[in-house]
Amino acid sequence: MPALHQTADQQGVFVTQKFSGGVFHADLSDGRAGVEIELLHSHLCASTADGDAFVIPYEECQLEIGGYTGKMLFCRNADRSVTLFSEDKQFPKALALAAGGRLDDQLASQLSKAKGESRRGAIFSFGLVAATLIVLVSLYFGIRAGANRVTQSLPVSLDRELGKAAYQAMPKEGSEITDPLVTEPIQSIVDRLADHAKVEGMDFELHVIDSATVNAYCLPGGTMVVYTGLISAAESPGQLAAVISHEMAHATLRHGLSRISQTLGLTAAVSLLIGDTAGIMAAAEEFFTAASINSYSRQQETEADLEGVRMLHAAAIDPSGMPSLFELLKEEHGELPEALVWVSTHPDHASRIEETQNMIDSLPAKPYKPIDLDWEALKSRVAGDSTKKADVSNSSNESSADSTVDPSELEQENGS
Amino acid sequence: MSVTNSRESTGAEPIQGTTPDLTYEISQRPDYAMLKLDLKSGDKVFAEPSAMMSMSASMLLKSGLRGGLGRSLGRMFGGESLVVNTFTAQAGGGELLLAPGTAGDIAYKRLENSTLYLQRGAYMANTEGVDLTGKWQGAKGFFSGEGLVLLKASGTGDLFFNSYGAIMSIDVTDELIVDTGYIVAFEETLQYRVTVLPGLKRGGKIKSLLFGGEGLVCQFSGQGKVWIQTREVNTFLNFANAYRPTNKS
Ligand SMILES: [Zn+2]
């Protein structure tokens, strides 16, 4: 782009080049102006469109490479009152030639500095990009961990709304039993444990469902569901109380909410925080189905076991029902029939027996008060209900009204 | 070497001027500045679409892309919308009133075969002869927290840009460090580098770099003008966000 033209000089005729650029000078309006720079015999000469001219002798030149692009060459005079600059690619080379070697050293050092600058920039950029990736990855995991913390700071009323919405949306596997001979003994266990719940303001609302399925669950906020199949399968009131305490612990430890926020991610956690729960409520209805309600993480299960033991102990109920329940499950149900939902969602009995037993051993000795219910009456009442239902649905095993439905029978019933 | 950069803080009085292309007046400064442009018949002004307040009936408004798709994309990345409005004064000339989107001041710069880099959101209007393109900043932009692309305005013509809060121009003669959030524009003769506030603790440095937070600064070196604003938009947004109405169900 440099315009080539010839000028006469005292020493004869030679070629000079013009470079477009600029000048900084205090007298100029705005402090700067655009110029055409000419490289003459002993100096640079820059002229503005208005006819102002600025001259810098080569021996005075202080060179510097810079500008936004890092490719602009600046020439200053001795007192730095005049600065000429151009970004023309040919300018540095032409200047070095015109100055006859006087500026070679300065130019070389500026060029290597500029090179170092761009290398530094590249290394800096690379380092930042790498660091960002690391942070993004750790943020992702941090968010998952953070979701738990967010959950714990939300009001319990939210759990209740979630649980109620989910319960209404869930298909019931049988009719609800209102017979006080069945519900009252269970309610008494729930009440004893509820007094020692970790979270205040949780109203435990019991529903006993007439179903051979061996299961129980507690929805967020305290909606407690016990299937008659569980009552039949349990060997003692202590084992029944153990399952109930474990399920209540899922609610008081707010595992359902953490599960939602872990699954739905930060969006859910944030929208919960700012109070926009409409989307979460909709999700909850799909989220808590009878089949998946108890699919908590292994860590949450352990937490619920230990919290269950604590609640039992606090309520003066012998917590040994917990490990003995696992023992029962371990011995009798190596294979998991479909009806034993609670077992399939609560695997790994051996370590759970050990963990709960360790906890029980570490608890201070306490006189336990027996669970005040007529166990045999409850079992036979439930068995009667189950039988009625079984009779209606199909004519499978003939179980007499006073015999208890034991798990091995269930296995046969449902294995087919 | 200690060099003091000279500052030019503009007061509250209107700024008026006549350029080869038009006559302008910036009034209501510095908080809620507006720009009045008087155009002669046939004169053209390009402006950010949301900037127009009012215009004479004699003005012809055409909205559309300018400078081809690539440039428009560049502008989009620069934080400006894809579309620029073109105002052409018809017979008898006309008046155009423009206002920026945020509360703040407006600055005028005449480009004479020179270049100005604008922070995202600062562009307001220009006359013919000024070429606008997006200038990819690479990692610099990524970590400055101010967008990946600066708007590059070059050529010969008038350029108007706006700030959040008042605007102040600083003549850099050696080096100047500015918090990234306060930069509005700077001249092409300045070398610009995003760096961490010198003196920050090591941990603070890493935090700043990665979260684009406080302590990230632009280090300008060389000679040229930098325009800075007296308020920072993100600070305001953070403040205002706390009062945002939320939907409780
Ligand atoms: Zn569980």
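Residues numbered from 1 in each chain as written. Chains lettered and ligands numbered in written order. Predicted model: local features only at pLDDT ≥ 70, side-chain atom pairs only at ≥ 80, totals over all residues. Heavy atoms only, no water.

**Examining the overall build of chain A**
Broken down by element type, chain A carries 15 helices and 11 strands. Split into buried and exposed, the 416 residues of chain A put 48% on the buried side. Taking the intrachain contacts of chain A between residues at least 6 apart in sequence as the baseline, contacts between residues at least 24 apart amount to 63%. A total accessible area of about 19,700 Å² is found for chain A, and carbon and sulfur atoms account for 55% of it. (Helix = DSSP H or I, 4+ residues; strand = E, 2+ residues; numbered from the N terminus. Buried < 20%, exposed > 50% of the residue type's maximum accessible area, 1.4 Å probe, protein only. Contact = heavy atoms within 4.5 Å. Areas by Shrake-Rupley, 256 points an atom, 1.4 Å probe, with all protein chains shown as cover.)

**Details of the packing of aromatic side chains**
In the structure shown here, the tally under the stated rule is 15 aromatic pairs over all chains. Their ring planes at 75° and their centres at 6.1 Å tell us that A:Tyr217 and A:Tyr227 sit as a pair that is edge-to-face. Within this pair, whereas A:Tyr217 is found in strand E10 (residues 216-218), its partner A:Tyr227 is found in strand E11 (residues 223-227), the two being separated by 10 residues in sequence. Among the residues examined, A:Tyr217 registers a relative accessible area of 1% and is labelled buried. Relative to B:Phe186, the ring of B:Tyr117 lies with its centre 5.6 Å away and its plane at 25°, an arrangement referred to as stacked. On the criterion of sequence distance, the pair formed by B:Tyr117 in strand E10 (residues 106-118) and B:Phe186 in strand E16 (residues 183-187) is long-range, its members being 69 residues apart. Each member of the pair, B:Tyr117 as well as B:Phe186, is classed as buried. Chaining the aromatic ring pairs together yields one cluster made of A:Tyr68, B:Tyr117, B:Phe186, B:Tyr192 and B:Phe220. (Phe/Tyr/Trp six-rings, centres within 6.5 Å; stacked < 30°, edge-to-face > 60°.)

**Looking at the sheet that holds E11(A)**
Residues and elements named next belong to chain A. Spatial strand order, E9-E11-E10: three strands in an open sheet with mixed pairing. Of all the strands in the sheet, just strand E9 (205-209) and E10 have a single pairing partner and so form its edges. Going across the sheet, the axis of each strand differs from the next one's by a mean of 10°, ignoring polarity. Inspection of the sheet shows E10 paired to E11 by three bridges, in the antiparallel sense. Directly across from Ala216, in E11, lies its bridge partner Val226. (Pairing = 2+ DSSP bridges. Axes fitted to C-alpha atoms, helices over the stretch in contact; angles between N-to-C directions.)

**Remarks on helix H4 (residues 180-194) of chain A**
Residue and element names in this part refer to chain A. Along H4, the residues classified as buried are Val182, Thr183, Pro185, Ile186, Ile189, Val190 and Leu193. The buried residues of H4 occupy an angular sector of 170° when projected down its axis, which confines them to one face. Facing away from the buried side of H4 by more than 90 degrees, the exposed set consists of Leu181 and Glu184. (Arc of directions from axis to C-beta.)

**Examining the nonpolar core**
General note: in soluble globular proteins, nonpolar side chains tend to be found buried as a group. Residues and elements named next belong to chain A. The biggest cluster of nonpolar side chains holds 50 residues, and the ones touching the most others in it are Ile186, Leu193, Met224, Val226, Ile231, Leu240 and Ile244. Top contributing element to this core by residue count: helix H6 (residues 237-252), with eight residues. Setting aside anything within four residues of it in sequence, one finds Met224 in contact with Val190, Glu205, Leu206, His207, Ala216, Tyr217, Cys218, Ile244, Glu247 and Met248. In terms of nonpolar packing, the next biggest core, distinct from the first, is built from 25 residues, Tyr58, Ala94, Ala96 and Leu103 among them. (Core = buried A, V, L, I, M, F, W, Y, C linked by side-chain atoms within 4.5 Å.)

**A short note on the pairing of strand E19 (residues 224-229) of chain B**
Residues and elements named next belong to chain B. The element E19 is largely enclosed, with a buried count of six among its six residues. Of the two faces of E19, the one holding Gly224, Val226 and Ile228 and the one holding Lys225, Trp227 and Gln229 are both buried throughout. As judged from the six bridges shared by strand E14 (residues 167-172) and E19, these two strands associate in the antiparallel manner. By the bridge assignment, Met168 is partnered in E19 with Ile228. Note: E16 against E19, three bridges, orientation antiparallel. Its bridge partner lying in E19, Ala185 is registered against Trp227.

**Some remarks on the confidence of the model for chain B**
Residue and element names in this part refer to chain B. Looking at chain B, the pLDDT average stands at 75 and 65% of residues meet or exceed 70. The model gives residues 141-145 a pLDDT under 50, and that stretch makes 16 contacts with residues more than four places away or in other chains. Segment residues 205-213: pLDDT under 50, and 19 contacts once partners within four positions in sequence are set aside and those in other chains are kept. The complex prediction reports pTM at 0.52, with the ipTM value standing at 0.73. (pLDDT = per-residue confidence, 0-100.)

**Looking at the side chain of B:Arg110**
Residue and element names in this part refer to chain B. With respect to the helices and strands, Arg110 occurs in strand E10. Here Asp21 takes part through its side chain, which lies 3.3 Å from a polar atom of the side chain of Arg110. In this structure the side chain of Arg110 is engaged in a polar contact, spanning 3.3 Å, whose partner is the side chain of Glu112. Each residue touching Arg110, except ones within four places of it in the same chain, is listed here: Thr19, Pro20, Asp21, Thr156, Gly157 and Asp158. (Polar contact = N/O pair within 3.5 Å; in protein donor to acceptor, adjacent residues only side chain to side chain.)

**Some words on the environment of A:Ser42**
Residues and elements named next belong to chain A. Structurally, Ser42 is set in the loop between strand E3 (32-39) and strand E4 (43-48). Remark: the alpha-carbon pair of Ser42 and Ala99, spanning 57 residues in sequence, is separated by 7.0 Å. Apart from the residues lying within four places of it in its own chain, the contact partners of Ser42 are Pro57, Tyr58 and Glu59. Here the side chain of Ser42 touches His43 through a polar contact of 3.0 Å, side chain to side chain.

**Focus on the packing of H4(A) against H6(A)**
All names here are of chain A. The geometry of H4 relative to H6 is characterised by a closest axis approach of 10 Å and an angle of 50° between their N-to-C directions. If you check the angle between H4 and H6, you find them oblique. With respect to the hand of their crossing, H4 and H6 are arranged in right-handed fashion. Of the residues in H6, those touching H4 at Ile186, Ile189, Val190, Leu193 and Ala194 are Pro237, Leu240, Ala241, Ile244, Ser245 and Met248. Residue composition of the contact of H4 with H6, grouped by class: 10 nonpolar, one polar and no charged. (Parallel < 35°, antiparallel > 145°, perpendicular 65-115°, else oblique. Left-handed = near helix turned anticlockwise from the far one by under 90°. Nonpolar A, V, L, I, M, F, W, Y, C, P; charged D, E, K, R; others polar.)

**Structural notes on the pattern of salt bridges**
Pairing is possible between side chains of opposite charge, provided their charged atoms come close. Counted according to the given criterion, the structure contains 20 salt bridges over all chains. A:Arg32 is the partner of B:Glu187 in a salt bridge, and the nearest nitrogen-oxygen pair spans 3.2 Å. Pair noted here: B:Glu187 is in strand E16 and A:Arg32 is in strand E3, and the two residues belong to different chains. You'll find B:Glu187 and A:Arg32 in the same group, each marked buried. A salt bridge links A:Arg352 to A:Asp305; its shortest N-O distance comes to 2.6 Å. With A:Arg352 in helix H13 (residues 349-362) and A:Asp305 in helix H10 (residues 298-314), this pair connects stretches of sequence that are 47 residues apart. You'll find A:Arg352 and A:Asp305 in the same group, each marked buried. The network of salt bridges with common partners includes A:Asp30, A:Arg32, B:Lys109, B:Asp171, B:Glu187, B:Glu188 and B:Lys225. (Salt bridge = Lys/Arg side-chain N within 4 Å of Asp/Glu carboxyl O.)

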